[in-house]
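Next come the chains, spelled out residue by residue.
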Amino acid sequence: MVSVDLVIRGGTVVTSGGMFRANVAVKDGKIYAFTAVSEVLPADKVIDAEGLYVLPGVIDEHVHCRDPGLTHKEDFKTCTEAAAAGGVTTIFDMPNNIPPIKDVEALRMKIQEAERKAIVDYGLYGLLTVGSLPHVMPLVENGVIGFKMFMGPTTGNIPPPSDGEMLDLFSVIAKTGLRIAIHAEAQSIIDYLISKLRSEGRKDPRAHLESRPAIVEEEAIRRVSLYARETSAKIHIVHVASARALDAIKDAKSMGVNITAETCPHYLLLDDSYYEKLGIIIKVNPAIKSKNDQAALWDAINNGLIDTLGTDHAPHTPDEKFKDDVFEAAAGFPGLETFVPLMLTQVNAGRLSLTRFVQLTSENPAKAFGIWPQKGSLFIGSDADFTIVDLKATTKIRADKFHSKAKWSPFDGWEVKGIPVYTIVRGNIVMDHGEIITTKPIGKHIKYSDYVSIL
Ligand code: NCD
Ligand code: ZN
């Protein structure tokens, strides 16, 4: 009888289409076979998954690892350890580090750092900014997973391309098949509102929300949707935070725009009452909005208007984050280690199904960025990436135990039910019951060009 590298025995396998009990056999980093629970293939290693759920590895398409250049906040080691601890097997890293990933030279520097440090798989975004046009094809040829464009002010203060430039960039990228992830907030409205609020002496946490009302999301999404329709570019709206943003996405989808959308756990679990309850720690772009916005986002993750869940893992030092003036404080917070437990708690509460969770965190991100079914599926021959979870286990979130350099969180102290107990990347067990057990940087660079023939 054939011998395999790993058998995950007796768990409930969860696919985007449903669940079944089976053993999963892994050979050479790929899914080799499913067998009846009573039939265990001879294996070098067996994981007892009795009572556990075996999910396709969680893909977080929105992570800021800060490496190189901002490694006082995070680096590829701490970032990917946070991912592994949190049950995430693949991350897509954002390009707003230093130097920003706007050309091949910067991309190569980043690849070098990731190769030395990453313990989960990683895709890397190229940046679209002023002057990006000549850099698009070289970045594609060097393996970026997609592009990122910041339309509004962000960490790193990266200027958006002009509207004309966006049209040109979209036309060129449309031909490559890569998707453009977009931070859709209208810069000029925000700049105007921030200076107005500052001149009134405002610096309280809620002033952040007032500087970024829902219209800034809606206007930017409608604008880029027109450009995407004009050029046939594929776009992905990240961190959708309002009902009005959802209206704009719905209209774009009905116009035939190739648009996908992400929201994040914080928009589903926090609302504007937290500006008073928690203060500046919840500052994030786009801003946390009202309970009505939150309710609309819940509808959208269940009715298909939202395609993916991402963390927007955005670590900062406490000094950068906890300022007296909200406009001086860094935006964002770490999310990799709270993502899966927070969302599984919602699965336990009946707010989304486990199969929907798998679609939002694995199948849909893989499809949107062209790497399905090698990733994001449990087909025979797919990468053996698994997030094995215990849906009954309870714990309390402890930010001081994070692997991220940012050891603080708006969710510190929250009770969760449902936690990842194994993280497996191409057959390598990287996390076992909260412990990081790999000693080697086994993470692999996931290049769009390796999955799809485009060149
Ligand atoms: C992100 C960061 O810190 O890099 N912060 C955030 O609040 N989401 C960047 C961004 O998207 O603005
Ligand atoms: Zn953003």
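Details of the structure are given in the entry above.
Cut-offs applied
Residues numbered from 1 in each chain as written. Chains lettered and ligands numbered in written order. Predicted model: local features only at pLDDT ≥ 70, side-chain atom pairs only at ≥ 80, totals over all residues. Heavy atoms only, no water. Helix = DSSP H or I, 4+ residues; strand = E, 2+ residues; numbered from the N terminus. Rg over C-alpha atoms; globule rule 2.2 N^0.38 Å. Buried < 20%, exposed > 50% of the residue type's maximum accessible area, 1.4 Å probe, protein only. Contact = heavy atoms within 4.5 Å. Areas by Shrake-Rupley, 256 points an atom, 1.4 Å probe, with all protein chains shown as cover. Pairing = 2+ DSSP bridges. Donors = N, O, S within 2.8 Å, 3.2 Å for Na, K, Ca; no water. Core = buried A, V, L, I, M, F, W, Y, C linked by side-chain atoms within 4.5 Å. Phe/Tyr/Trp six-rings, centres within 6.5 Å; stacked < 30°, edge-to-face > 60°. Near = heavy atom within 4 Å. Polar contact = N/O pair within 3.5 Å; in protein donor to acceptor, adjacent residues only side chain to side chain. Nonpolar A, V, L, I, M, F, W, Y, C, P; charged D, E, K, R; others polar. Lys, Arg positive; Asp, Glu negative; His and termini not counted. Salt bridge = Lys/Arg side-chain N within 4 Å of Asp/Glu carboxyl O. Axes fitted to C-alpha atoms, helices over the stretch in contact; angles between N-to-C directions.

We now examine the overall build of the protein chain. Within the protein chain one finds 15 helices and 17 strands. Scaling as 2.2 N^0.38, a compact globule of 455 residues should have a C-alpha radius of gyration of about 23 Å, and the protein chain matches this with 21 Å. For the protein chain, buried positions account for 62% of its 455 residues. At a minimum sequence separation of 6, the contacts of the protein chain that also span at least 24 residues come to 75%. Carbon and sulfur atoms form 50% of the exposed surface of the protein chain, whose accessible area is close to 16,200 Å².

Across the 11 residues of strand 15 (residues 415–425), 8 count as buried, placing the element largely inside the fold. As defined by bridge partners, strand 14 (residues 386–396) adjoins strand 15 across 8 bridges and the pair is classed as antiparallel. Within strand 15, the residue paired with Thr394 across the bridge is Lys417. Between the end of strand 15 and the start of strand 16 (residues 428–432), which pair antiparallel, lie 2 residues, with Arg426 showing a positive phi angle near 45°.

Turning to the coordination of the zinc ion (ligand 2), a few remarks are in order. In this structure, His183 (ND1) and His239 (NE2) serve as the protein donors to the zinc ion (ligand 2), at separations of 2.1 Å. Of the two residues, His183 sits in strand 10 (residues 179–183) while His239 sits in the loop between strand 11 (234–237) and helix 8 (243–254), which places them 56 residues apart along the sequence.

Taken as a class, soluble globular proteins show a tendency for nonpolar side chains to be buried jointly. Residues Ile91, Phe147, Ile180, Ile182, Ile235 and Ile237 are the most contacted members of the largest nonpolar core, which totals 105 residues. The biggest single contributor to this core is helix 13 (residues 339–348), with 6 residues. Membership of the second largest hydrophobic core comes to 19 residues, among which are Val54, Phe386, Ile388 and Ile424.

Right, let's get into the packing of aromatic side chains. One pass over the full model with this rule turns up 8 aromatic pairs. Here the aromatic rings of Phe20 and Phe34 are separated by 5.7 Å at their centres, their planes lie at 75°, and the arrangement is edge-to-face. Pair noted here: Phe20 is in strand 2 (residues 18–27) and Phe34 is in strand 3 (residues 30–35), with a separation of 14 residues, a long-range link. Relative accessible area serves as the criterion here: at 34%, Phe20 is assigned to the partly exposed category.

On to the site of ligand 1, then. Taken together, 14 residues sit near ligand 1, with Arg66, Thr154, Thr155, Asn285 and Asp312 positioned nearest. At a separation of 2.6 Å, an oxygen atom of ligand 1 approaches a polar side-chain atom of Thr155. One of the side-chain N or O atoms of His183 is found 3.1 Å from an oxygen atom in ligand 1. For ligand 1, the protein covers 100% of the area, taking 310 Å² as the surface of the free molecule. When its residues are assigned to classes, the shell around ligand 1 shows 3 nonpolar, 9 polar and 2 charged.

Before going further, it helps to spend a moment on the side chain of Lys148. Its place among the elements puts Lys148 in strand 9 (residues 146–150). It is Asp312 that comes nearest to the buried, bridge-free Lys148 among opposite-charge side chains, at 6.2 Å. Setting aside its immediate chain neighbours within four residues, Lys148 contacts His62, His64, Met94, Pro95, Tyr125, Gly126, Leu127, Leu128, Ala181, His183 and Val238.

The next subject is the sheet that holds strand 9. Paired through backbone hydrogen bonds, the strands of a sheet run either parallel or antiparallel to each other. What the 8 strands build is an open sheet, ordered 6-7-8-9-10-11-12-13; its pairing is parallel. Each having just a single partner strand, strand 6 (58–63) and strand 13 (308–309) make up the two edges of the open sheet. Pairing of strand 9 with strand 10 involves 4 bridges; the strand directions are parallel. Paired with Met149 across the two strands is Ile182, which belongs to strand 10. In the packing of helix 2 (residues 104–117) onto the sheet, contacts are made with strand 7 (88–93) and strand 8 (121–128), and the angle to strand 8 comes to roughly 160°.

With that settled, the discussion passes to the packing of helix 8 against helix 11 (residues 291–303). Where helix 8 contacts helix 11, the axes come no closer than 8 Å and their chain directions differ by 35°. Taking contact as the criterion, the partners of Ala243, Arg244 and Leu246 in helix 8 are, on helix 11, Asp293, Ala296, Leu297 and Ala300. When grouped by side-chain class, the residues that make up the contact of helix 8 with helix 11 number 5 nonpolar, no polar and 2 charged.

This paragraph deals with the pattern of salt bridges. Evaluated as defined, the whole model comprises 32 salt bridges. Two residues, Asp251 and Arg222, come together in a salt bridge whose shortest N-O distance is 2.9 Å. Here Asp251, found in helix 8, pairs with Arg222, found in helix 7 (residues 214–231); they are 29 residues apart in sequence, far enough to count as distant. The class of Arg222 is partly exposed, set by a relative accessible area of 31%. Asp383 serves as the salt-bridge partner of Lys375, at 2.8 Å between the closest nitrogen and oxygen. Each of Lys30, Asp121, Lys375, Asp383, Asp385 and Arg426 takes part in one network of salt bridges that share partners.

So, on to unusual backbone geometry. Residues other than glycine predominantly adopt negative phi, and peptide bonds predominantly adopt the trans conformation. Residue Ile98 is joined to Pro99 through a cis peptide bond whose omega torsion reads -5°. Topologically, Pro99 is positioned in the loop between strand 7 and helix 2. In this structure, Asp28 is a non-glycine residue whose phi angle is positive, near 50°. Among the structural elements, Asp28 can be located in the loop between strand 2 and strand 3.

Shape is all these values report; function is a separate question.
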